[in-house]
Amino acid sequence: NPDWPGGTWIEVKGYMDSASRNKLKRFKKCYPEEAAKMIVVLHKNKQAVEFCRKNDIKFVLYEELVAQYSNNIPEWE
């Protein structure tokens, strides 16, 4: 995505379970500069979105990426 700055960390989450939430919180606490550059890709899920918003974690929904890019990338999934 052209809006994403260079040096961006991309974290892809399948399910935002408690272990995933703890890892993201620890990453943000231990590596605040890197965490500020992180974007989490997640499925449209109310709890996951709320978690990211509450913890000031940038995210993009996988469904939005599919809508935007799947027609332009051969053999997308």
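Now for a quick tour of the structure. (Residues numbered from 1 in each chain as written. Predicted model: local features only at pLDDT ≥ 70, side-chain atom pairs only at ≥ 80, totals over all residues. Heavy atoms only, no water.)

### Observations concerning helix 1 (residues 18–30)
In an α-helix, one turn spans 3.6 residues, which is why side chains three or four residues apart end up on the same side. In a regular helix each residue adds 1.5 Å, so 13 residues correspond to 18 Å; helix 1 covers 18 Å between its end C-alpha atoms and thus fits that length. Ser-20, Leu-24 and Phe-27 are the residues of helix 1 that are buried. What you see down the axis of helix 1 is that its buried residues fit within an arc of 65°, all on one side. The exposed residues of helix 1 that point more than 90 degrees off its buried face are Arg-26, Lys-29 and Cys-30. Buried residues along helix 1 sit against strand 1 (9–12), helix 2 (32–36), strand 2 (38–42) and helix 3 (46–54). (Helix = DSSP H or I, 4+ residues; strand = E, 2+ residues; numbered from the N terminus. Expected span 1.5 Å × (residues − 1). Buried < 20%, exposed > 50% of the residue type's maximum accessible area, 1.4 Å probe, protein only. Arc of directions from axis to C-beta. Contact = heavy atoms within 4.5 Å.)

### Observations concerning unusual backbone geometry
Within the chain, Asp-56 stands out as a residue other than glycine whose phi angle is a positive 55°. Here Asp-56 lies in the loop between helix 3 and strand 3 (58–61).

### What about the nonpolar core?
Nonpolar side chains in soluble globular proteins generally cluster together in the buried interior. Core analysis: the largest hydrophobic core is formed by 13 residues, its most contacted members being Met-16, Leu-24, Leu-42 and Ile-57. For this core, the secondary-structure elements that each account for two or more residues are helix 1, strand 2 and helix 3. Sorting elements by how many residues they give to this core places helix 3 first, with four residues. The contact partners of Leu-42, leaving out residues within four places of it in the chain, are Lys-13, Met-16, Ala-48, Val-49, Cys-52, Phe-59, Val-60, Leu-61, Tyr-62 and Glu-63. (Core = buried A, V, L, I, M, F, W, Y, C linked by side-chain atoms within 4.5 Å.)

### With respect to the pattern of salt bridges
Taken as a whole and judged by the stated rule, the model has one salt bridge. Where Glu-11 meets Lys-13, a salt bridge forms, and the shortest distance between an N and an O atom there is 3.2 Å. Residue Lys-13 is classed as buried on the basis of its relative accessible area of 11%. (Salt bridge = Lys/Arg side-chain N within 4 Å of Asp/Glu carboxyl O.)

### Some details on the environment of Glu-34
Topologically, Glu-34 is positioned in helix 2. In this structure the C-alpha to C-alpha distance between Glu-34 and Gly-7, which are 27 residues apart in sequence, comes to 8.8 Å. Here Glu-34 is in contact with Trp-9 and Phe-27, once residues within four sequence places are set aside.

### A closer look at the pairing of strand 2
Judged by how many residues are buried, strand 2 sits mostly within the fold: five of five residues are covered. The two faces of strand 2 match: Met-38, Val-40 and Leu-42 on one face and Ile-39 and Val-41 on the other face are all buried. Across four bridges, strand 2 lies against strand 3 in parallel orientation. Paired with Leu-42 across the bridge in strand 3 is Leu-61. (Pairing = 2+ DSSP bridges.)

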